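Structural characterization, general
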Amino acid sequence: MTTTDTPETVDSFAASGDGRIHGLRRMLFRKPGLTTAAVYGGVGIILLLTVIGPSIGPWLADAGCACGWGSEQIDSGHALEGPSGTHFFGTDRSGQDVFSRVLAAPRINLVIALAATALSVVIGVPLGLLAGYIGGRALAATATSELIMRFMDVLQSFPLFVFAVVLVAVRGQSTEIVIIALTIVNLPVFARLARAEMLTVREQPYADAARILGHGNFRLIFRHLAPNSVASSVATVPMVIGFVILFTASLSFVGAGVKPPTAELGGMIRVGANNMVTGEWWPSIFPGVALGLMVLIFAFAAQDIAARMRAVKRAEGLMSAETSVEAG
Amino acid sequence: MTLIAKGLNALLSPFKAMLSSPFIRRRLLFFLPQLFIVTIITFILLKLVPGDIVDVLLGGLSTEVQRNSLREDLGLNDPVISQYFTYIDGLVHGDLGKSFFTGQSVAHDFRDRLPATLEFITTALVVALLIMIPLGIRAGSPKQTGWTAKLDRALSKVVTFYGLLAGSLADFWLALILIFLFYATADIVPEPGGYFALGAEPEKTTGFNVIDSIIHGDGGALKSYVGHMVLPVATLVFVYGGPILKMTITSMAEIQSSAYVENARGMGLKTGTIRWMQFRNALPPIITIIGVIYGFLLGGAVLVERIFSLNGFGNYGVESVLQNDFLAAQSFMLVAAIWVMLVYLIVDIAHAALDPRIRL
């Protein structure tokens, strides 16, 4: 809490001089603390599972411990058996090994989450930047900007879940359609954030300076304004990834997501849902725990990155931005 | 008589002031184009169905005559623009089409399901508010000194973690866990399935289960309802109370360090008094998040509805899609979207009521 007045304009000029994406870079690369390390360690484990998860079951079999099962392999004589030395997490009602399925499932969940999030960033952010840049200028431009944002409003007022189910039902159940549905669901989030930042950034003195120097709209947006308008979008990415993982699981749970027998966490919970009522807890509990952990790790990452952003915002408001960040 | 008129006037005067505010007028005016875009999207949605919609709706075993007559009924032979106007005309007259799955008019199906779902999500929201708001106030404005200070700090750590956890759990999974714990293991709640035990339903008048139970004096029905709704409500409260709690804490904490709170503390005002001042100014973002959740839940409680076999509104939407009953799905989307827009409208009016600056 400093109360000293800071000459903001001078600072903004100084900041814009030596690196336009300084804020973003500073946000992402800061000295890691213990919790930060834990969080990103968790993210690393998820990524690792995405790569090797489906091979762990078969690998255990090769290792000769009589406990390895493929994620889609059926042990028909031992359906719905509790956790044991052979099936660490038990088997579901069709005799699939819950342990190797839990390890295999993050692949599809994460691939869908990353693809959908990336697509909604790639489409949503430029739309938002455009809407923010052209809004409030010439009539036609303002109208376009308003149209984009009002469309986003309406998109957000739709019941997202059923909207996604409809898309999947109408266009056929496939991973690509699930990704597209989730992209549409998340577009408005990024468009809104990018627009809001662009609205403030475009009024900064360095924007005027660049304009006076004779830079065209294109160069102004892409070299000067855009890099300074994406911080909050980037900061939102982990949260959206977590949300998409949950959403995909929900879609699969009603049978409108990933098709069985592919191991997917929501689909696995669905398979075990009826067993929960009769007391066989393992087919649903384990994938649910995995799902919760995955999303929780991304929630922690989101919190961490939000804290960094606040720190950067505060630092940018100070005269000696560089040193105050170092001091932490 | 005049007394009643006076009373009414006093009650309505804030709302009259609202109506004269430019912000609210603009906001109300804005509602119409929104409605227009929503109908366009729901209209296009039906056109996205691949192949002949008539084939999809009637299924494989239909005769040419049936198909032609349905095509005629739906006006599919007309140009697209006039199809849209027929659609709007139907909507204005309360005609939402016919459900091929239930065999009823969609409007009839909605009358059947909406009240019970509204009752369900409203109960969950009210319970969530009663728990989360006081917790959030306490955790967001911890005492600085005294023996409760430590307690407050611990509380704020616990609830912050709970906020993260609630956002990370799938509501359908939590519902299953609760069933496993309280039905399959402890056996202290009735078997999940429906709003009532079989045969305990009250006579249907309003469609609101509690109200029906009460006006027919059916104590058994009310008891059965409460037993059946404990777990579904608890699920929604746990998962969707999280964001409300988080927002309350952040909003309170932001104001905690403001000059007027410091000043009030310096003047020696009681913590309770300061918290109340703080809370009033912390309200706008809290109201926004409550609105977002309430708007979402009408169609978004669907997974919880499915697990507890509640024949609710959201479940009707998903079921109609899965049964290829796209006319019903279309109307479901429309009603759910209008619900969200209405809730957001009320949120904006509430913001204007709280903060005179917005009313300009």
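That block above? That's the structure.
Residues numbered from 1 in each chain as written. Chains lettered and ligands numbered in written order. Predicted model: local features only at pLDDT ≥ 70, side-chain atom pairs only at ≥ 80, totals over all residues. Heavy atoms only, no water.

1. Quick look at the overall build of chain B
Under the convention used in this document: The helix count covers DSSP runs of H or I at least four residues long, the strand count covers runs of E at least two residues long, and both are numbered beginning at the N terminus. Buried residues are those whose accessible area, probed at 1.4 Å on protein chains only, stays under 20% of the maximum for their type, while exposed residues exceed 50% and partly exposed ones sit between those limits. When checking whether two residues touch, look at their non-hydrogen atoms; a contact exists if any pair is within 4.5 Å. All accessibility values rest on the Shrake-Rupley procedure with a 1.4 Å probe; residue burial counts only the protein chains present in the view. Charge assignment in this entry is limited to Lys and Arg as positive and Asp and Glu as negative, and neither His nor the chain termini are counted. Where a charge sits is defined by one atom per residue type, namely NZ (Lys), CZ (Arg), CG (Asp) or CD (Glu).
The helix and strand tally for chain B stands at 15 helices and zero strands. Overall size of chain B, expressed as C-alpha extent along the three principal axes, is 85 × 60 × 50 Å. Buried residues in chain B amount to 46% of all 360 residues. Considering only intrachain contacts with a sequence separation of at least 6, the fraction spanning at least 24 residues in chain B is 72%. For chain B, the computed accessible surface area is about 18,000 Å², with 68% contributed by carbon and sulfur atoms. The centroid of the 26 positive side-chain charges in chain B is displaced by 19 Å from the centroid of its 26 negative side-chain charges.

2. Notes on the environment of A141 of chain A
Residues and elements named next belong to chain A. On the secondary structure map, A141 appears in helix α6 (residues 139-157). Given a relative accessible area of 18%, A141 falls into the buried group. Along the chain, A141 and A37 lie 104 residues apart, while their C-alpha atoms are 46 Å from each other.

3. A short note on the environment of R107 of chain A
Residue and element names in this part refer to chain A. Along the polypeptide, R107 turns up in helix α5 (residues 106-134). Given a relative accessible area of 35%, R107 falls into the partly exposed group. Residues R107 and L193 lie 86 residues apart in sequence; the distance between their C-alpha atoms is 29 Å. When sequence neighbours within four positions are dropped, the list of residues in contact with R107 reads T50, V51 and P54.

4. Examining the interface of chain A and chain B
Which entries qualify depends on this criterion: Any carboxyl oxygen of Asp or Glu that lies within 4 Å of a side-chain nitrogen of Lys or Arg is treated as forming a salt bridge with it. Contacts described as polar in this section are N or O atom pairs within 3.5 Å, which, within protein, must combine one atom able to donate a hydrogen with one able to accept it, while residues neighboring in sequence count only if both atoms come from side chains. Only Asp, Glu, Lys and Arg are considered charged, only Ala, Val, Leu, Ile, Met, Phe, Trp, Tyr, Cys and Pro nonpolar, and every remaining residue, Gly among them, polar.
Each partner contributes residues to the interface: chain A has 37 residues there, and chain B has 43 residues. Here chain A is connected to chain B by zero salt bridges. Connecting chain A to chain B are one residue pair in polar contact (both at pLDDT 80 or more). Of all the elements in the fold, those that place two or more residues in the side of chain A that touches chain B are α6, α7 (160-171), α11 (231-253), α12 (265-278) and α13 (282-316) of chain A. Sorting elements by how many residues they give to the side of chain A that touches chain B places α13 of chain A first, with eleven residues. In terms of residue class, the side of chain A that touches chain B is built from 27 nonpolar, seven polar and three charged.

So, to be careful, I would describe these as geometric facts and stop short of saying anything about function.
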